[in-house]
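Below, each chain spelled out in residue letters.
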Amino acid sequence: MSENKVESLIIIGSGPAGLSAAIYSARARMEPLMIEGEEAGGQLMTTSEVENFPGFEHGITGPDLIATMRKQAERFGTRFLTRNVTKVEFDKRPFQVHVGPTVYQANSIIISTGASAKYLGLPTEKQYYNRGVSACATCDAAFFKDVEVGVVGGGDTAMEEASFLTRFASKVYLFHRSENFKASKIMLERARKNPKIEFVMNTVIEEVLGDGKSMTGLRLKNIISGEVSEKKLQGFFLAIGHQPNTKIFSGILDMNEAGYLKTKPGTTFTNIPGVFAAGDVQDPHYRQAITAAGSGCMASLDCERWFEAQEEGSYV
Ligand code: NDP
């Protein structure tokens, strides 16, 4: 089943990158169709307090921030489809975007499907998410003033998060499952030199412990000795990497080895003209709501200018 209408722009993904692209492109009269996904809103939907998004002096919850952006995008004419994209065909013009059996067509695409933090896979880490468990120190460190927290991971993210957390926490335990680190030498050394960070090696997290309301600690296992112990902690930060949501673009768009979409440096152009990528789906480094929103704005401007440069010079 194919929709007859050819959209000027389809935006896939509805976090701050997609919604900012929608606000800009709707104001530019591109009448974007946003396919927002069945779990719309992205990572901010699981973030309680956002205190670092400029413009909200007293903070705002993640879901409220998304709801406000969505209303703003709607006000200028963005249309929303709360479904998941199942397949894309970018070798055809107009581009084909499948949502189950329905095919939507568009002359341009902005991809803002984001990335998801990797979880250990423990049922209790989900139960206590935002109740002590977090996957973003930049977002949540300030809520852990003068208490002891843990970080799991051995890459640059773990080093960075542990170091950042020491600005607030009284002590940071860094749990790593081996003695070999993926982290760069310089970041590892910086973390090692920090007197507030204690490295706990060859250790896996068996369970996040809690009292039903908040987490209270971790059950740990030393994988060399087999010893199991419990550690009281008020916070626990997952820093074992992120997974960009790019499965449906595999073999279609250029990606790096970790699966992040490649964009032309300083722009949001992918390797296919007319297809743009914004936000965490193409950014393994910053991963902030504000940087995602900024790159959503860039994608809309890149898209408008790309249209202008086409022979017809119009959106449809
Ligand atoms: P990485 O993939 O580099 O590291 C992930 C770490 O988590 C590894 O130590 C891995 O252990 C561990 N891990 C993975 N799964 C599990 C699990 N199930 N249980 C326990 N431990 C686990 O991811 P990062 O997010 O750290 O970094 C991603 C990229 O971003 C890198 O290129 C990095 O350099 C970059 N980055 C750069 C920064 C900067 O320059 N400021 C800051 C942050 C990231 P193991 O080694 O055993 O597999």
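For clarity, every value in this text was computed on a predicted model and none was experimentally measured.

J.: Help me understand the overall build of the protein, please; the structure alone is not making it clear to me.
T.: Within the protein one finds 7 helices and 21 strands. A globule of 316 residues ought to have a C-alpha radius of gyration of about 20 Å, and the protein, at 21 Å, matches this closely. If you line up the protein on its principal axes, its C-alpha atoms span 65 × 40 × 35 Å. Counting only residues that meet the buried cut, the protein has 51% of its 316 residues in that class. Put simply, 60% of the contacts in the protein that link residues at least 6 apart link residues at least 24 apart. As displayed, the protein offers around 15700 Å² of accessible surface, 49% of which is attributable to carbon and sulfur atoms. Distance between charge centroids for the protein: 2 Å, based on 34 positive and 37 negative side chains.

J.: Could you clarify how one ought to interpret the state of the cysteines in this entry?
T.: Simply put, disulfide is the name for a covalent bond between the sulfur atoms of two cysteines. For the structure on display, the rule yields 1 disulfide. Across the disulfide, Cys136 is cross-linked to Cys139 (sulfur-sulfur distance 2.1 Å). Looking down the S-S bond of the Cys136 and Cys139 bridge, the torsion is 75 degrees, so its handedness is right-handed. Given a relative accessible area of 16%, Cys136 falls into the buried group. What makes Cys139 partly exposed here is its relative accessible area of 25%. Here Cys297 stays free of any disulfide, with the sulfur of Cys303 as its closest cysteine sulfur at 12 Å. Note on Cys297: relative accessible area 16%, which makes it buried. Assessed through its relative accessible area of 0%, Cys303 is described here as buried.

J.: What exactly am I supposed to notice about the pattern of salt bridges here?
T.: Where side chains of opposite charge bring their charged atoms close, a pairing between them can arise. Per the counting criterion, the structure on display carries 7 salt bridges. Here Arg83 ties to Glu38 by a salt bridge, and the two come within 3.5 Å at their closest N and O atoms. With a gap of 45 residues between them, Arg83 in the loop between strand E6 (79–81) and strand E7 (87–89) and Glu38 in the loop between strand E3 (33–35) and strand E4 (49–50) connect regions that are remote in the sequence. When its relative accessible area of 38% is taken as the criterion, Arg83 is described as partly exposed. We classify Glu38 as partly exposed; its relative accessible area is 48%. Note that Glu89 is salt-bridged to Lys92, the shortest N-O span being 2.7 Å. When its relative accessible area of 16% is taken as the criterion, Glu89 is described as buried. Judged by its relative accessible area of 39%, Lys92 falls in the partly exposed class. In the salt-bridge network here, residues are joined through shared partners; they are Lys5, Glu7 and Arg79.

J.: So what exactly am I meant to see when it comes to the side chain of Ser112 here?
T.: Tracing the backbone shows Ser112 in the loop between strand E10 (109–111) and strand E11 (115–117). A polar side-chain atom of Ser112 sits 3.1 Å from the main-chain carbonyl oxygen of Gly13. In this view, Ser112 contacts Ile11, Ile12, Gly13, Ser14, Ala17, Gly18, Ala278 and Val281; residues no more than four positions away in its chain are not counted.

J.: Whenever I open this one, the sheet that holds strand E14 (residues 171–175) confuses me. Can you help?
T.: Backbone hydrogen bonds are what pair the strands of a sheet, in a parallel or an antiparallel way. Strand order in the open sheet made by the 5 strands is E12-E19-E13-E14-E15, with parallel pairing throughout. In this open sheet, the two strands that pair with only one neighbour each are strand E12 (133–134) and strand E15 (197–200). Direction of pairing for strand E13 (residues 148–152) relative to strand E19 (residues 235–238): parallel, over a ladder of 4 bridges. From the neighbouring strand, Val152 faces E19, where its bridge partner is Leu238.

J.: Any chance you could explain the side chain of Thr268 here in plain terms?
T.: Summarising the element assignment, Thr268 is placed in the loop between strand E20 (242–244) and strand E21 (275–277). Ignoring sequence-local partners within four residues, the contact set of Thr268 consists of Thr263, Val275, Phe276, Ala277, Ser295, Met298, Ala299 and Asp302.

J.: Quick question: what am I supposed to make of the layout of surface pockets here?
T.: Summary: where empty space remains is shown by rolling a probe the size of a single water molecule over the atoms. In this model, the second largest pocket occupies a volume close to 980 Å³. Lining the second largest pocket are 32 residues, and of these Gly155, Lys182, Ala239, Ile240 and Gly241 lie nearest its centre. It is helix H5 (residues 156–165) that provides the largest number of residues to the lining of the second largest pocket, a total of 4 residues. The class makeup of the residues in the lining of the second largest pocket is 13 nonpolar, 12 polar and 7 charged. Viewed by domain, the lining of the second largest pocket spans two of them, domain 1 (6–116 + 242–309) and domain 2 (119–238), each represented by three or more residues.

Basis of the calculations
Residue indices begin from 1 for each chain and proceed along its sequence in written order. Per-residue local features of the predicted model are confined to residues with pLDDT of at least 70, and side-chain atom pairs are confined, for both listing and counting, to 80 or more; whole-chain, interface and lining totals are unaffected and use all residues. Excluded from the side-chain calculation are hydrogens and water; included are all heavy atoms of the structure. The numbering of helices and of strands both runs from the N terminus, where a helix is a DSSP run of H or I of at least 4 residues and a strand a run of E of at least 2. Throughout, radius of gyration means the C-alpha value; the globule benchmark is 2.2 Å times the number of residues raised to the power 0.38. Throughout, exposure labels follow a simple rule: accessible area from a 1.4 Å probe, protein chains only, divided by the maximum for the residue type, with under 20% read as buried, over 50% as exposed, and the rest as partly exposed. By definition in these notes, contact holds between two residues if any of their heavy atoms fall within 4.5 Å. Using a 1.4 Å probe, accessible areas were evaluated by the Shrake-Rupley method; residue-level cover was limited to the displayed protein chains. For the charge count, each Lys or Arg is scored as positive and each Asp or Glu as negative, with His and the chain ends excluded. In plain terms, the charge of a residue is placed at NZ if it is Lys, CZ if Arg, CG if Asp and CD if Glu. Count a disulfide wherever a pair of cysteine sulfur atoms falls within 2.5 Å. By convention in these notes, a salt bridge is any Lys or Arg side-chain nitrogen within 4 Å of a carboxyl oxygen on Asp or Glu. Side-chain atoms alone can form a polar contact between residues adjacent in sequence; in general such a contact is a pair of N or O atoms within 3.5 Å, and within protein one must be able to donate a hydrogen while the other accepts it. We call two strands paired when DSSP finds no fewer than two bridges between them. For cavity detection a 1 Å grid was placed over the protein atoms alone, and a set of points counts as a cavity when a 1.4 Å probe fits there but cannot get out; an open set counts as a pocket when protein lies on both sides within 12 Å along at least five of seven lines, with lining residues being those that have an atom within 4 Å of a point. Grid points are joined across faces, edges and corners, and a volume is the space filled by probe spheres set on the points. Under the scheme applied here, ten amino acids are nonpolar (Ala, Val, Leu, Ile, Met, Phe, Trp, Tyr, Cys and Pro), four are charged (Asp, Glu, Lys and Arg), and all others, including Gly, are polar. For each domain, the first and last residues come from an automatic or database assignment.

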